[in-house]
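Examining the three-dimensional arrangement
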Amino acid sequence: MTTNSQWTYQGLEDAYHKAQSLNYIKDPWGTRLIRWGYKHMGKPFIFRMEPDKAHSFTVNNCDKLSHITPFMTLLHDVTNNADASLNKTVMGLHYKNPYGLAAGLDKDAQLITILDAAGFGFTSYGSMTIRPCDGNPRPWFHRYPDYKSMGIHAGIPNQGAETVLAAADAAPSPYGVIRHASVAFTNTSYPDGVDGMIHDFTEGVKAVMGSKADVCEINISCPNLQAGKPFKDPKTVEALFQSIEENVQHLKPVLVKMPNATVDVIDSITEVLTSHDVQGLALCNLQEDKSDWPEASGELGGLSGAPCNKNAVEAVRFVRGKYGNRFAIEGVGGVMDRDDAMRIQDAGADLVGFVSTLMFNGPQMASEFKTAYRGALQVLEDETWSSASVDA
């Protein structure tokens, strides 16, 4: 069986808790400063805005800051907690750490440089489509602080693959962040049905394969499109990947963004993907069933953040248990704090993607996750040495 992962169970969550008690968890001073500043100044300011306006304001201003090279150098220096022990080889690529931005926030590739400076291991931009897309009617976002969640009904707005990829390819990343370019089919009507969607999707994948992205993420699971969710059907998934393999030269690893669905649905899609040139899975997309979150039940779209976590962890654990290391896994969904990050890694994730925690807890979260991971690894190393001493 092909292997794209080196994952092994380590017991990171328990080790992290021991590291806390041993005072191994020590964030850089810049990380602590950003956390304090966001909690007391940034978050209150941003949360006074309407969510759609807050999204545009945040992304656009981060884009402006990323062009100030001395600021990027300072950001890197004050938050830097890089450590060789955090390095991972996943899908044949060298990640400096396993923590990164999941797709959905950086729709037009405006955040690559600033996230590189902030020490992210990877960053995802898009999802993009081969044709420019305005997305769904606004509002796109609803904020649910009690749920630690955002309601999302954006419908993949983006400037089109040509423009997004040109911006991404031009963005400097001197600290080596791995780039995931996420592609979907255009959110529009398709008179010729699934065949038109597959053609549109295939052209988008072809564009990504010709770019400087390191990974092509194929998003088959957006729940907010006019055409519905055709790629929950394994037969449609099979037709899509046959088209991609017949028409696109694979120049980089492929990661498939999976739906937030039952294990049976995820298994049926994964089984199809085993016979195709797919290296990884991102588990999972937005929470579609909102019956446990009544405040959100009247709004269109899926839920991000904490409501996604239970299904995401279960899906990661299931796929890792059944398919072994055939697929690399990016654990996505409700990774809000350090416990969540360690838990989804224990379940089987090689990489950990997140978005909502940046809004609710601050932009320093990648640094916090790295500190937790390094502390957990230190505990495991101590225990290995202790066991070796006893055996001797």
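Throughout what follows, the structure given in this document is the object of discussion.

Looking at the nonpolar core
One broad rule of soluble globular proteins: the nonpolar side chains tend to lie buried together. Of all hydrophobic cores here, the largest spans 103 residues; its most connected members are Tyr 125, Ile 218, Ile 220, Phe 241, Leu 273 and Leu 283. Among residues more than four places away in sequence, those in contact with Leu 273 are Val 237, Phe 241, Val 256, Met 258, Val 278, Leu 281, Arg 326 and Phe 327. Within the second largest apolar cluster, eight residues are counted, among which are Trp 140, Met 150, Ala 154 and Leu 286.

Quick look at the layout of surface pockets
A probe as big as a water molecule, rolled over the atoms, marks out the empty space that is left. Here the largest pocket defines a volume of roughly 1100 Å³. Lining the largest pocket are 39 residues, and of these Tyr 38, Ile 46, Thr 58, Cys 62 and Pro 363 lie nearest its centre. Put simply, the parts of the chain that give the lining of the largest pocket at least two residues each are α2 (29-47), α3 (51-66), α4 (69-79), α5 (112-117), β5 (141-144) and α12 (356-360). A breakdown of the residues in the lining of the largest pocket according to their chemical character gives 29 nonpolar, nine polar and one charged.

Quick look at the packing of aromatic side chains
Here the structure, examined in full by the defined rule, presents 14 aromatic pairs. Considering the side-chain rings of Trp 140 and Phe 141, the 6.3 Å spacing of their centres and the 85° angle between planes classify their relative orientation as edge-to-face. Each member of the pair, Trp 140 together with Phe 141, is buried. Centroid distance Phe 354 to Phe 369: 5.1 Å. Interplanar angle 80°. Geometry classified as edge-to-face. Placement of Phe 354 in strand β13 (residues 351-354) and of Phe 369 in helix α13 (residues 365-391) is noted, with a sequence separation of 15 residues between them. Each member of the pair Phe 354 and Phe 369 is classed as buried. Taken together through their ring pairs, the aromatic side chains of Tyr 99, Phe 120, Phe 354, Phe 369 and Tyr 373 make up a single cluster. One Lys or Arg, Lys 43, reaches over the ring of Phe 47 and ends 5.2 Å from the middle of that ring. Directly above the aromatic system of Phe 327 lies the positively charged group of Arg 326, at a separation of 4.3 Å from the ring centroid.

Some details on the packing of helix α9 (residues 263-273) against helix α10 (residues 309-323)
Contact geometry of α9 with α10 gives a least axis separation of 10 Å together with a crossing angle of 45°. Between α9 and α10, the angle falls in the class oblique. Our pair here, α9 against α10, has a crossing hand that is right-handed. Of the residues in α10, those touching α9 at Val 263, Ile 266, Asp 267, Thr 270 and Glu 271 are Ala 315, Phe 318, Val 319, Lys 322 and Tyr 323. Looking at the contact of α9 with α10 residue by residue, the class counts come to six nonpolar, one polar and three charged.

As for the pairing of strand β6 (residues 149-152)
Of the two faces of β6, both are covered, the one formed by Ser 149 and Gly 151 as well as the one formed by Met 150 and Ile 152. Where β5 lies against β6, four bridges are found, and the strand directions are antiparallel. Following the sheet pairing, Arg 143 is matched in β6 by Met 150. Joining the antiparallel neighbours β5 and β6 is a turn of four residues, in which Lys 148 adopts a positive phi near 50°. Pairing geometry for β6 and strand β11 (residues 302-303), over two bridges, is antiparallel. In the sheet register, Gly 151 faces β11, and the bridge partner there is Leu 303.

Side note on the side chain of Thr 270
Tracing the backbone shows Thr 270 in helix α9. Once residues within four sequence positions are removed from consideration, Thr 270 is found in contact with Met 258, Leu 281, Val 319, Tyr 323 and Phe 327.

Points about the sheet that holds β6
Read from one edge of the open sheet, three strands run β5-β6-β11, paired in antiparallel fashion. Across the chains shown, the open sheet's two edge strands, defined by having one partner strand only, are β5 and β11. Along the sheet, α3 contacts β5 and β6; its crossing angle with β5, the most-contacted strand, is approximately 100°.

Quick word on the environment of Leu 358
Counting through the fold element by element, Leu 358 comes out in helix α12. Accessibility expressed as a relative area gives 12% for Leu 358, which makes it buried. A C-alpha to C-alpha distance of 9.8 Å links Leu 358 and Tyr 38, two positions 320 residues apart in sequence. Here Leu 358 is in contact with Tyr 38, Leu 101, Leu 105, Phe 120, Pro 363 and Met 365, once residues within four sequence places are set aside.

Analysis parameters
Every residue gets a number counted from 1 within its own chain, in the order that chain's sequence is written. Per-residue local features of the predicted model are confined to residues with pLDDT of at least 70, and side-chain atom pairs are confined, for both listing and counting, to 80 or more; whole-chain, interface and lining totals are unaffected and use all residues. Side-chain metrics rest on all non-hydrogen atoms present in the structure, leaving aside hydrogens and water. To qualify as a nonpolar core, a set must consist of buried Ala, Val, Leu, Ile, Met, Phe, Trp, Tyr and Cys residues joined through side-chain atoms within 4.5 Å. Buried, partly exposed and exposed residues are distinguished by accessible area as a fraction of the type maximum, computed with a 1.4 Å probe on protein chains only: under 20%, between the cut-offs, and over 50%, respectively. Here, residues are in contact when the closest pair of their heavy atoms is within 4.5 Å. As defined here, a cavity is a set of points on a 1 Å grid over the protein atoms alone where a 1.4 Å probe fits but cannot get out. A pocket is an open set with protein on both sides within 12 Å along at least five of seven lines, and residues line them when an atom is within 4 Å of a point. Grid points are joined across faces, edges and corners, and a volume is the space filled by probe spheres set on the points. Secondary structure elements follow DSSP: runs of H or I no shorter than four residues count as helices, runs of E no shorter than two count as strands, and numbering proceeds from the N terminus. Three classes are used, and their members are as follows: Ala, Val, Leu, Ile, Met, Phe, Trp, Tyr, Cys and Pro are nonpolar, Asp, Glu, Lys and Arg are charged, and the others, Gly among them, are polar. Note on aromatic contacts: the rings of Phe and Tyr and the six-membered ring of Trp form a pair at centre separations within 6.5 Å, being stacked when their planes are under 30 degrees apart, edge-to-face when over 60 apart, and tilted otherwise. Our definition puts a charge over a ring when NZ of Lys or CZ of Arg is within 6 Å of the ring centre and also within 35 degrees of the ring normal. A fitted line through C-alpha atoms represents every axis, and for helices the fit uses only the stretch in contact; the resulting angles, taken between N-to-C directions, go from 0 to 180 degrees. An angle counts as roughly parallel when it lies under 35 degrees, as roughly antiparallel when it exceeds 145, as roughly perpendicular when it falls between 65 and 115, and as oblique in every other case. In a left-handed crossing the near helix is turned counterclockwise from the far helix by less than a right angle, and in a right-handed crossing that turn is clockwise. Any two strands are treated as partners once DSSP identifies two or more bridges connecting them.

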